[in-house]
Amino acid sequence: MDKSNKKKLSGFERYLIEEIGVEFKACLYFFCILFFYSVYKLVGGSFHANIIYMAEMILLTYAMCYVQIYLLKGFDEGEHFGWKEFFFTMLCGGIYTYVSWLGGWFDQNTGVTAGFFLYVVFFYFCGFLVYKMKRNLDAKMLNDDLKAFQERRIKNE
C-alpha cells in the first residue's frame, strides 16, 4: 500500500494491517523452519520433536517478523531484491541460525546448521518472489476491475 492510502486509514487500521502481515509471515516462516527441523529429525531416525524447540522457533519467528516489518521496513516485501535486501536476508538468516545453534535445535551439528542457514536464505528469497507475484496479480486484478467498471459506466450513459 502506498503512503497516500496509508494516510487515509485510521491508526487502528494501519496497526491491524501490520499485525495481519506479522501473523501471515510468522506462520509461513515458522512452517518453513518446522519443516526443516522435522526433516532433520526424520533423517536422524526419530519421530519425536522437542516442543520446547518448537516454542523457541515460533517466538523467534514472531520477534523476527516484528524486526523485519518495523525496523527493516519489510525488506522481503519490497519491489526489488538489491544489496540492501541481500544484506538484511543474510542478517536475518544469521540470527535464525545463531539462535538455532544456541538452542541446540540441530544438536549443534555444524553441517546441518550451515544447511539451515542456506535454507533460511532460500525461503526469504522465495518469500520475496511470492510477495512480488502477489503484487503483480493484485495490480492486474485491480486494472481488470477498473476496466470493467469503466465499460459498465459507458454502457449506462
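In case you missed it, the structure is sitting above this.
Since the structure is predicted, the reported quantities are computational estimates derived from the model, not experimental observations.

I'd like a rundown of the packing of aromatic side chains, residues and numbers included.
One pass over the full model with this rule turns up 24 aromatic pairs. When the ring of Trp105 is compared with that of Phe106, the centres are 6.4 Å apart and the planes differ by 80 degrees; the resulting orientation is edge-to-face.

Give me the lowdown on unusual backbone geometry, citing residues and values where you can.
The phi torsion at Asp107 lies on the positive side, around 55 degrees, for a residue other than glycine. Summarising the element assignment, Asp107 is placed in the loop between α4 (83-103) and α5 (110-156). Of the residues examined, Asp107 reaches a relative accessible area of 53% and is grouped as exposed. We note that Gln108 has phi near 50 degrees; this positive angle belongs to a residue other than glycine. Among the secondary structure elements, Gln108 is positioned in the loop between α4 and α5.

Any chance you could break down the packing of helix α2 (residues 11-43) against α5 for me, citing the residues and the numbers?
Each packed pair of helices is defined by two parameters, the angle between the axes and the distance between the axes. Where α2 contacts α5, the axes come no closer than 11 Å and their chain directions differ by 145 degrees. Considering the relative orientation of α2 and α5, their crossing is right-handed. Residues Phe24, Lys25, Tyr29, Cys32, Ile33, Phe35, Phe36 and Tyr40 of α2 pack against Val112, Gly115, Phe116, Tyr119, Phe123, Tyr124, Gly127 and Tyr131 of α5. The class makeup of the residues in the contact of α2 with α5 is 13 nonpolar, two polar and one charged.

Account for the environment of Gly82, with residues named and values stated.
Assignment of secondary structure puts Gly82 in the loop between α3 (51-71) and α4. It is 25 Å that separates the C-alpha atoms of Gly82 and Tyr62, two residues lying 20 residues apart in sequence.

Thresholds, definitions, all that
- Residues numbered from 1 in each chain as written.
- Predicted model: local features only at pLDDT ≥ 70, side-chain atom pairs only at ≥ 80, totals over all residues.
- Heavy atoms only, no water.
- Phe/Tyr/Trp six-rings, centres within 6.5 Å; stacked < 30°, edge-to-face > 60°.
- Helix = DSSP H or I, 4+ residues; strand = E, 2+ residues; numbered from the N terminus.
- Buried < 20%, exposed > 50% of the residue type's maximum accessible area, 1.4 Å probe, protein only.
- Axes fitted to C-alpha atoms, helices over the stretch in contact; angles between N-to-C directions.
- Left-handed = near helix turned anticlockwise from the far one by under 90°.
- Contact = heavy atoms within 4.5 Å.
- Nonpolar A, V, L, I, M, F, W, Y, C, P; charged D, E, K, R; others polar.

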